[in-house]
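Descriptive analysis of the structure
So you can see what is in the structure, the chains are spelled out below.
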Amino acid sequence: MKWVQPDPKRENWYWPTEALKERAWISDPHIYETAGADPVHFWAQRAEELVWFQKWKETHVDEPYAYKWFVGGKINISYNSLDRHVEAGQGDKVALIWEPEPTQEPNRILTYRELLAEVSRLANALKRLGIKKGDRVGIYLPMIPEAVIAMQACVRIGAVHTVVFSAFSAESLRDRLLDSGARLLITADGYYRRGKVIDLKLQADQALAGTKVEKVIVVRRTGHPIPMNPNRDLWYPELVQGEKDFCPAEPMDGEDLAFILYTSGTTGKPKGVMHATGGYAVQVYATAKWDFNLHEDDVHFCTADVGWITGHSYLNYGPLMNGVATVVYEGSPDYPDFGRMWQIIEKHKVTVYYTAPTAIRMHVKWGDEWPKKYDLSSLRVLGTVGEPINEEAWLWYFKLIGGERCPIIDTWWQTETGATCVQALPGIGPFIPTVAGRPFPGIKAKIVDAGGQPVKLGEGGYLVLEPPFPPALTRGLYGDPEKFKATYFGEFGPKLYFTKDGARMDEMGNIRITGRVDDVMNVAGHRLATAEVEDALAQHPLVSEVAVVSRPDDIKGEVPVAFVLLKAGAQPSEELKKELIKTVDKHIGPTARPAEIFFTEDVPKTRSGKIMRRVLKALVRGEPVGDITTLRNPEVVELLKQVVGYKD
Ligand code: PRX
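Residues numbered from 1 in each chain as written. Predicted model: local features only at pLDDT ≥ 70, side-chain atom pairs only at ≥ 80, totals over all residues. Heavy atoms only, no water.

A closer look at the state of the cysteines
Counted according to the given criterion, the structure contains 0 disulfides. With no disulfide of its own, Cys 247 has Cys 154 as its nearest cysteine by sulfur position, at a separation of 11 Å. Residue class for Cys 247 comes out buried when judged on its relative accessible area of 0%. Between Cys 406, a cysteine without a disulfide, and Cys 302, which holds the nearest cysteine sulfur, the sulfur-to-sulfur distance is 17 Å. (Disulfide = S-S within 2.5 Å. Buried < 20%, exposed > 50% of the residue type's maximum accessible area, 1.4 Å probe, protein only.)

Below you can see the structure in the form of structure tokens.
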């Protein structure tokens, strides 16, 4: 079935076919006007589709820095993900398909009824361990069913999960456990990555000193021997054995804290983004449904790790609240060969595939023969997220994976927005390479200049959101209300949420995202502050000063490049570079490794001593360095040109 057709006049523009419009939840573009005229009413209508234990009293409260949604309403995200479907007679439908990395291992497939029972057993066990509503629970799990089960069990009893990406280091985990004050951690012995066992428990053990964690639940995934602390560590299977397979879902207020997810800001310290139950549930549910046109028979495959917001919203909560099957893949896309993702699509008849531009560029590099080996005709909708997608990758995805049949939904959003905010809708279109689309109905976005004034159509500026802010927008940064105000509303005041992304808009209202305008990098779709990498490198005993900037990369989008000044007496060497990389691994994780390390005697600085990263950025990108008259040490620029091999 063909779901899209080319625009006869504009190259590389595509529109939904009649067949797609018929199948789409939304195909009338007037939705943008009606929702825009009364966004609060629009979101109330979306909320009506979920089950509320008690209806909200006020749909929206528009207070500066304290916007609220569905106040006084009682809802539970896990109830809406699981019980709702079981009660509607869908208990035997597949909810979760787990694909382990080792190909000889069987899939684990859980129906909605089975998933509810698993989640309930763990939820009951958590309660027995004294975890109550509002308590924070750390989740440090690989891509196994228990990751979804653990998140669901937490929100079921009103505990606040904070999921930490399993490839993050022990130190990153410790920072997050400390900041959130987590009392319990759920982890695993290990997992498989490119055929090798990765020991996760070891990292977890190293992270716990000094935290408030009293108990550690350990999932047995690999079965390799690991030390267990008898006073603290509990094996998951033994813990949940004997627990009842039903646990009633806790009625949560619309504004109750659902979870915290740490993300990179511009400082070295990640910030705990808080999400409120009702608004998050409603926007995630509605966007998953409309963006991917989810219907009962869909098999949804989101490749994001549960450690990122995409994994939260579109691997776990979004698909499950919509009652579809969600695919969870444990391992690497190149294991055992470059065809693994396409093999999974063929095997499970995946209908919606949602991935990152970085992954697509990797597949382009690996070659067309891999997807060509597999039957991808089950696909209906393709999605991308996390970074701007280049035209070449878009067209490859469209042609090779979608067979020129499927719309590409390029979704713009952030950890802070919790759910997608800008994208084309499948039944409406248009689908244009490098253009995300329009703000989702009911969401108001515009492009402004540095003074907060709208720019002319087609001109570049800053992407901001306007009130009523989207229901899923973060309610704050854990433990730091002032930072919340300063970070998002410092530039333009409480009436404009600043996304920190550059963008431009065409006359149709389609938005093209041009990338971050702050010191946040997007490395292979992973969000990372240059300051975080600097802080990590600065911890090496031989480093006296360090500056990190990003450089574009064909595959990863952006990569960090480090300029390192050594302490007196220390000698630059290849060996030292390796040590520095290890330091980054230890403090953050391998995702943050600099692509290049330059040893230098000095870096450009202003008279007040601040490093001028703008100049370094230009140097590594081969761009004009611009005005350097305000530098205290302009001579260093010539020196650095040689160091980086810059050509004038
Ligand atoms: O710069 C934007 C980029 O990713 C940032 C948010 O990163 P994070 O909080 O890790 O969430 C990523 C997954 C939602 C944004 O500020 N970004 C996200 N989606 C897109 C994007 N850039 C361009 N196009 C997108 N579709």
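We are not done yet, so read on.
Focus on the site of the ligand
Looking at the ligand, there are 17 residues lining it, with Asp 410, Thr 411, Thr 415, Asp 501 and Arg 527 nearest. In the model, an oxygen atom of the ligand is placed 3.0 Å from a nitrogen or oxygen of the Gln 414 side chain. For the ligand, the protein covers 96% of the area, taking 540 Å² as the surface of the free molecule. Broken down by class, the residue content of the shell around the ligand amounts to 6 nonpolar, 6 polar and 5 charged. (Near = heavy atom within 4 Å. Polar contact = N/O pair within 3.5 Å; in protein donor to acceptor, adjacent residues only side chain to side chain. Areas by Shrake-Rupley, 256 points an atom, 1.4 Å probe, with all protein chains shown as cover. Nonpolar A, V, L, I, M, F, W, Y, C, P; charged D, E, K, R; others polar.)

Observations concerning the pairing of strand E9 (residues 160-163)
Side chains Val 160 and Thr 162 of E9 all project onto a buried face; the interleaved residues His 161 and Val 163 project onto the opposite face, where all are buried too. Sheet topology note: the strand E8 (residues 136-140)/E9 ladder contains 4 bridges and is parallel. Pairing of Arg 136 across the sheet is with Val 160, part of E9. The parallel pair E8 and E9 is bridged by helix H6 (residues 145-157), and the resulting crossover is right-handed. (Helix = DSSP H or I, 4+ residues; strand = E, 2+ residues; numbered from the N terminus. Pairing = 2+ DSSP bridges. Right-handed = clockwise from strand over helix to strand, strands pointing away.)

Some details on the pattern of salt bridges
The final tally for this structure, using the stated rule, is 50 salt bridges. The shortest N-O distance in the salt bridge between Glu 638 and Lys 641 comes to 3.3 Å. Of the two residues, Glu 638 and Lys 641 are both situated in helix H20 (residues 635-644); the distance of 3 residues between them amounts to about one turn of the helix. Several salt bridges converge on common partners, so that one network encompasses Arg 23, Asp 297, Asp 298 and Arg 380. (Salt bridge = Lys/Arg side-chain N within 4 Å of Asp/Glu carboxyl O.)

Topic: the packing of aromatic side chains
Applying the stated criterion across every chain, the model contains 39 aromatic pairs. For the ring pair Phe 42 and Phe 440, a centre distance of 6.4 Å and an interplane angle of 65° mean the geometry is edge-to-face. Here Phe 42, found in helix H3 (residues 39-48), pairs with Phe 440, found in the loop between strand E24 (438-439) and strand E25 (444-448); they are 398 residues apart in sequence, far enough to count as distant. For Phe 42, a relative accessible area of 2% puts it in the buried group. Exposure remark for Phe 440: the relative accessible area of 0% places this residue in the buried category. For Arg 10, the ring lying beneath its charged end belongs to Trp 13, and the centroid distance is 4.0 Å. Over the aromatic face of Tyr 65 sits the side chain of Lys 485, whose NZ or CZ is 5.0 Å from the ring centroid. (Phe/Tyr/Trp six-rings, centres within 6.5 Å; stacked < 30°, edge-to-face > 60°. Lys NZ or Arg CZ within 6 Å of the ring centre and 35° of its normal.)

Re empty space enclosed by the protein
Within the structure shown, the criterion is met by 3 cavities of 30 Å³ or more. There is about 80 Å³ of room inside the largest cavity. If you go around the largest cavity, the residues you meet are Val 163, Val 164, Phe 165, Phe 168, Arg 176, Leu 261, Tyr 262, Thr 263, Ser 264, Gly 307, Trp 308 and Arg 527. Across the lining of the largest cavity, the residue classes break down as 7 nonpolar, 3 polar and 2 charged. In this structure, the second largest cavity encloses a volume near 50 Å³. Along its surface, the second largest cavity is lined by Trp 3, Leu 20, Arg 23, Phe 292, Asn 293, Asp 298, Val 352, Arg 380 and Val 381. Split into classes, the residues belonging to the lining of the second largest cavity amount to 5 nonpolar, 1 polar and 3 charged. (1 Å grid on protein atoms, 1.4 Å probe; cavity = no way out; pocket = protein on both sides within 12 Å on 5 of 7 lines; lining within 4 Å. Points joined across faces, edges and corners; volume = space filled by probe spheres on them.)

Looking at the sheet that holds strand E20 (residues 352-355)
Strand pairing within a sheet occurs via backbone hydrogen bonds; the two strands may be parallel or antiparallel. The 7 strands are arranged E7-E6-E19-E18-E20-E21-E22 in an open sheet whose pairing can be described as mixed. At either margin of the open sheet sits one strand with a lone partner, and together these are strand E7 (108-111) and strand E22 (408-411). On average, each strand axis in the sheet is tilted by 20° relative to the strand beside it, whichever way the strands run. The sheet contact formed by E20 and strand E21 (residues 381-385) spans 4 bridges and is parallel. In the sheet register, Val 352 faces E21, and the bridge partner there is Val 381. (Axes fitted to C-alpha atoms, helices over the stretch in contact; angles between N-to-C directions.)

A short note on H3
At 3.6 residues per turn, the α-helix brings residues three or four places apart onto the same side. Residues Pro 39, Phe 42, Trp 43, Ala 44, Arg 46 and Ala 47 constitute the buried set of H3. As for H3, its buried residues are in contact with helix H2 (30-37), strand E3 (58-61), strand E4 (68-71), helix H10 (277-291) and E25. (Contact = heavy atoms within 4.5 Å.)

Focus on the sheet that holds strand E28 (residues 497-505)
Taken together, 4 strands build an open sheet; the order of strands is E25-E26-E28-E29 and the sheet is antiparallel. Looking at the sheet topology across the chains shown, the edges are occupied by E25 and strand E29 (511-516). The average angle at which neighbouring strand axes cross in this sheet is 45°, direction not considered. Alignment of strand E26 (residues 461-466) against E28, held across 4 bridges, turns out to be antiparallel. Counterpart to Val 464 in the pairing with E28 is Phe 498.

Note that every value here comes from positions in space, so none of it alone points to a role or purpose.
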